[in-house]
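Here are the chains, one letter per residue:
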Amino acid sequence: MLCKCGAGLPKGAKFCMECGAKAPKRKPKYPTIADELYINKVDPVLTVKEAAVLLKVSEWMIYELTYQNKIPFFQIGNRKRFRTSELLEWASKQKEITTRATVQEGKISS
Ligand SMILES: [Zn+2]
């Protein structure tokens, strides 16, 4: 890190030893959405379990959303599968993800 005066500042220094000016704050590096979702590490096709992890919801909710046809999925035999790209696009369009049943105080009621 460098001070405005050009002097090198040790890590964590609050003031410049040369000119006494406040050390510039290091800008926090915000992760991009791609970084955050680890898109590069996500398989293009997901199981229910993996879709739940990606969307940070329970597997139960993923099943509910598929039964209600509220989420894009396809079937291979009787296995439900999700395309990551479709899930992410779908998720980006949701204002509120709800299923018919609501969860209240840990109890599931419909
Ligand atoms: Zn300085």
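Residues numbered from 1 in each chain as written. Predicted model: local features only at pLDDT ≥ 70, side-chain atom pairs only at ≥ 80, totals over all residues.

## Observations regarding the sheet that holds strand β2 (residues 74–76)
Here is step 1 of the chain: The sheet built from three strands is open, its strands ordered β1-β3-β2 with antiparallel pairing. Of all strands in the sheet, those bounded by a partner on one side alone are β1 (45–46) and β2.
Here is step 2 of the chain: Taken together, the three bridges between β2 and strand β3 (residues 79–83) define a ladder with antiparallel strand orientation. Its bridge partner lying in β3, Gln-75 is registered against Lys-80.
Here is step 3 of the chain: Sitting on the sheet, helix α4 (residues 84–93) touches β1 and β3, and the angle it makes with β3 is about 70 degrees. (Pairing = 2+ DSSP bridges. Helix = DSSP H or I, 4+ residues; strand = E, 2+ residues; numbered from the N terminus. Contact = placed C-beta atoms within 7 Å. Axes fitted to C-alpha atoms, helices over the stretch in contact; angles between N-to-C directions.)

## Some points on the packing of helix α2 (residues 48–55) against helix α3 (residues 59–67)
Here is step 1 of the chain: Put simply, α2 and α3 touch, their axes get as near as 8 Å, and they point 105 degrees apart. As summarised for this structure, α2 and α3 are arranged roughly perpendicular, according to the angle between their axes. For the pair formed by α2 and α3, the contact residues are Val-48, Lys-49, Ala-51 and Ala-52 on the first element and Glu-59, Ile-62 and Tyr-63 on the second.
Here is step 2 of the chain: Class assignment for the residues of the contact of α2 with α3 results in five nonpolar, no polar and two charged. (Parallel < 35°, antiparallel > 145°, perpendicular 65-115°, else oblique. Nonpolar A, V, L, I, M, F, W, Y, C, P; charged D, E, K, R; others polar.)

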